[in-house]
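So you can see what is in the structure, the chains are spelled out below.
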Amino acid sequence: MRLFVALALPDQIRWQLRLVCGGLAGASRWVPPENLHITLRFLGEVDGRDAHYVDAALAGIRAPRFSLRLKGVDAFTSGQRVKAVYAGVEKQPALQHLHDKVESAVVRAGLPPDGQKYTPHVTLTRPKDAPLKKLQHYLAEHSLFKTEPFEVTHFTLYSSEMGGEQSVYTALRSYALSVPAGVIEAAAERGDAL
Ligand code: 2AM
């Protein structure tokens, strides 16, 4: 099965992303709201035994919850070709920290290391044929795009299957991030439930 590890996005963030999903010549297919996510690690084709090891390693990760905000739009290009247009993620050291823990867990489970610099993003479209000029116009138009901050409380192992027009992602298991001790104490003092 084809697997990846990702952060799901809250409904209101996916709705906000819809505002920037459109208006680029050469990009007719945009990622549907239910598929929008932040990839932490693409695993590719993995057999059942390795998937079991990966799951066990991911379940052993201890990392704190954190807050995240999407900001700006940009694109991965190769020469004149636009490979993907994405919403950016505001710098958050806790996200890099979680990514590094996921990477170590995956390697501990026996998969080869990724070795690429991690650029967190939400892919919006992979255009078939978008001219760079049109891309520049689109990016300028949405340069002020920003969501409100949202809480990341877990990360998820997904399987990916080819659907008709779009891939079908299935959440196989989610792994909780911990509530920092200071937050628990403050909530207890206020009598809040977490
Ligand atoms: P991206 O869209 O965040 O860039 C599920 O297919 C996710 O895995 C995709 O959202 C994509 O990440 C990532 N992915 C798919 N194929 C990949 C590949 N060959 N290399 C790296 N990441 C890949």
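Shown above is the structure to which this text applies.
The structure reproduced in this document is the subject of the present report. (Residues numbered from 1 in each chain as written. Predicted model: local features only at pLDDT ≥ 70, side-chain atom pairs only at ≥ 80, totals over all residues. Heavy atoms only, no water.)

Brief notes about the pattern of salt bridges
Here's step 1: Applying the stated rule across the entire model yields seven salt bridges.
Here's step 2: For the salt bridge of Arg173 with Asp55, the shortest nitrogen-to-oxygen distance reads 2.8 Å. Of this pair, Arg173 sits in strand E9 (residues 167-176) while Asp55 sits in helix H2 (residues 48-59), and the two are 118 residues apart along the sequence.
Here's step 3: A salt bridge links Glu90 to Lys71, with the shortest nitrogen-to-oxygen separation between them at 3.9 Å. Residue Glu90 is located in the loop between strand E5 (81-89) and helix H3 (93-108), and its partner Lys71 is located in strand E4 (residues 70-78); the two are separated by 19 residues in the primary sequence.
Here's step 4: In this structure Lys71 comes out as partly exposed when scored by relative accessible area, which is 43%.
Here's step 5: What you see here is one network of salt bridges that share partners, running through Arg69, Lys71 and Glu90. (Salt bridge = Lys/Arg side-chain N within 4 Å of Asp/Glu carboxyl O. Helix = DSSP H or I, 4+ residues; strand = E, 2+ residues; numbered from the N terminus. Buried < 20%, exposed > 50% of the residue type's maximum accessible area, 1.4 Å probe, protein only.)

Let's talk about the site of the ligand
Here's step 1: Residues in contact with the ligand, as listed here, are Arg2, Phe4, His37, Thr39, Phe42, His121, Thr123, Arg126 and Tyr169.
Here's step 2: One nitrogen or oxygen atom from the side chain of His37 is found 2.8 Å from an oxygen atom belonging to the ligand.
Here's step 3: Between the ligand and His121 there is a distance of 2.8 Å, counted from an oxygen atom to a side-chain nitrogen or oxygen.
Here's step 4: Secondary structure elements with two or more residues in the shell around the ligand: strand E1 (2-8), strand E2 (37-45) and strand E6 (121-125).
Here's step 5: Considered class by class, the residues forming the shell around the ligand number three nonpolar, four polar and two charged. (Near = heavy atom within 4 Å. Polar contact = N/O pair within 3.5 Å; in protein donor to acceptor, adjacent residues only side chain to side chain. Nonpolar A, V, L, I, M, F, W, Y, C, P; charged D, E, K, R; others polar.)

Considerations on the sheet that holds E1
Here's step 1: If you walk across this open sheet you meet the four strands as E2-E1-E8-E9, and the pairing is antiparallel. The outermost strands of the open sheet, each flanked by one partner alone, are E2 and E9. On average, adjacent strands in this sheet sit at an angle of 25 degrees to one another, irrespective of strand direction.
Here's step 2: Note that strand E8 (residues 154-162) and E9 share nine bridges and pair antiparallel. Bridging across to E9, Leu157 finds its partner in Arg173.
Here's step 3: Across the sheet, H2 is in contact with E1, E2, E8 and E9; its angle to E9 comes to roughly 45 degrees.
Here's step 4: Packing against the sheet, H3 makes contact with E1, E2 and E8, and its axis sits at approximately 15 degrees to E2. (Pairing = 2+ DSSP bridges. Axes fitted to C-alpha atoms, helices over the stretch in contact; angles between N-to-C directions. Contact = heavy atoms within 4.5 Å.)

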